[in-house]
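The residues making up each chain are set out below.
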Amino acid sequence: MIALVKSVEKYRRLLGEVVEEGDVVVELGCHRGAATRVILTGSPRRVVAVDYGKDAEEAMRELERGHPELTFVKGDAREYDTLKRVLEELGGPECDVLAVDLGGGMFPDTAFKVYYVWSVTLQPRDAVVRNAGLCEFLKLAELREEVHLDDESRGYLGELSPPGIPGRIRERFEEFKLWRG
């Protein structure tokens, strides 16, 4: 399941509904940890939270001290090295829930690219993405062609890539250099 939301309140509420006991959760854009706290109420086995902000680091290091199942990774979700560090932390591409909040409204292309690369790599059972631009796009879009996905598709666009970590994942991250200032 992929849930796409605009509001931070709905994003947090959905995370509270989706995370199950024993899950492995990867959170991109944890900020100061408000959504992370909601995730932790679901009794996940493991949470890896990613952000690059200084205020995020301070808040998340404090939250980490009280939650042994939580690991904070200071890094930019748009960078290959961050994905590599998260994979090393997890011991491989294990993920039940992928949570993506890269600022809510700006840069829907970046939010989609981050979702695509991380979801193809981690292949989560569920994903919750917060981005107003993507919501607006979806609201205005009209599907003019029937789309057929195989029965195994979970929405991480895996049928567009070989199984496991795509061979060109580093190159896909390099594309971000064109989109970032």
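Scoring rules and cut-offs
- Within each chain, residue numbers correspond to sequence positions counted from 1 in written order.
- Totals for whole chains, interfaces and linings use every residue, but because this is a predicted model, local features are given only for residues with pLDDT of at least 70 and side-chain atom pairs only at 80 or more, for both listing and counting.
- Each side-chain value is derived from all of the structure's non-hydrogen atoms; neither hydrogens nor water enter the calculation.
- The way it works is that DSSP assigns letters per residue, a run of H or I at least four long becomes a helix, a run of E at least two long becomes a strand, and they are numbered from the N terminus.
- For each residue, the accessible area found with a 1.4 Å probe, counting protein chains only, is set against the maximum for its type, and the residue is called buried under 20%, exposed over 50%, and partly exposed in between.
- We call two residues contacting when some pair of their heavy atoms lies within 4.5 Å.
- Under this scheme, a helix contributes an axis fitted over its contacting stretch, all axes are lines through C-alpha atoms, and angles between N-to-C directions fall in the 0 to 180 degree range.
- By definition in this entry, angles of less than 35 degrees are roughly parallel, angles greater than 145 are roughly antiparallel, angles of 65 to 115 are roughly perpendicular, and the rest are oblique.
- Two helices cross in a left-handed way if the nearer one is turned anticlockwise from the farther one by less than a right angle. They cross in a right-handed way if the turn is clockwise.
- Classification convention: Asp, Glu, Lys, Arg as charged; Ala, Val, Leu, Ile, Met, Phe, Trp, Tyr, Cys, Pro as nonpolar; all other residues, Gly among them, as polar.
- Whenever Lys or Arg places a side-chain nitrogen within 4 Å of a carboxyl oxygen from Asp or Glu, that contact is recorded as a salt bridge.
- The directions from the helix axis to the C-beta atoms are what the arc is built from.

Helices and strands together make up the secondary structure of the protein chain, namely 7 helices and 6 strands. Ordered by position from N to C terminus, the α and β elements of the protein chain give β-α-β-α-β-α-β-α-β-α-β-α-α. Per-residue burial for the protein chain yields a buried fraction of 46% across its 181 residues. Within the protein chain, counting contacts between residues at least 6 apart in sequence, those at least 24 apart form 67% of the total.

A few words now on the packing of helix α4 (residues 80-90) against helix α5 (residues 108-122). Where α4 contacts α5, the axes come no closer than 12 Å and their chain directions differ by 25°. Comparing the axis directions of α4 and α5 gives the class roughly parallel. The chirality of how α4 crosses α5 is right-handed. Facing T82, L83, V86, L87 and L90 of α4, the residues of α5 in contact are V117, W118, T121 and L122. When the residues that make up the contact of α4 with α5 are grouped by side-chain class, the tally is 7 nonpolar, 2 polar and no charged.

Following the criterion strictly, the structure yields 12 salt bridges and no others. For R61, the salt bridge identified is with E57, shortest N-O distance 3.9 Å. Of this pair, R61 and E57 are both found in helix α3 (residues 54-65), 4 residues apart, which corresponds to roughly one turn of the helix. K74 is the salt-bridge partner of E57, the closest N and O atoms lying 3.1 Å from each other. With E57 in helix α3 and K74 in strand β4 (residues 70-74), this pair connects stretches of sequence that are 17 residues apart.

Here we come to helix α1 (residues 8-18). Along α1, the residues that are buried comprise Y11, L14, L15 and V18. Taken around the axis of α1, the buried residues stretch over an arc of 105°, which confines them to a single face. In α1, the exposed positions that point more than 90 degrees away from the buried face belong to E9 and E17.

A separate point is the environment of V86. Of note, V86 is situated in helix α4. Here V86 falls in the buried class, since its relative accessible area comes to 0%. For the pair formed by V86 and G75, sequence separation is 11 residues and the distance between their alpha carbons is 9.6 Å. What V86 contacts, discounting residues up to four positions off in sequence, is V26, V48, V50, V73 and W118.

So, on to the environment of V47. Within the fold, V47 resides in strand β3 (residues 46-51). Here V47 falls in the buried class, since its relative accessible area comes to 0%. On a C-alpha basis, the gap between V47 and V97 in space is 9.4 Å, while along the polypeptide they are 50 residues apart. Among all residues touching V47, those that are not within four sequence positions of it are V25, T36, I39, L40, E69, L70 and T71.

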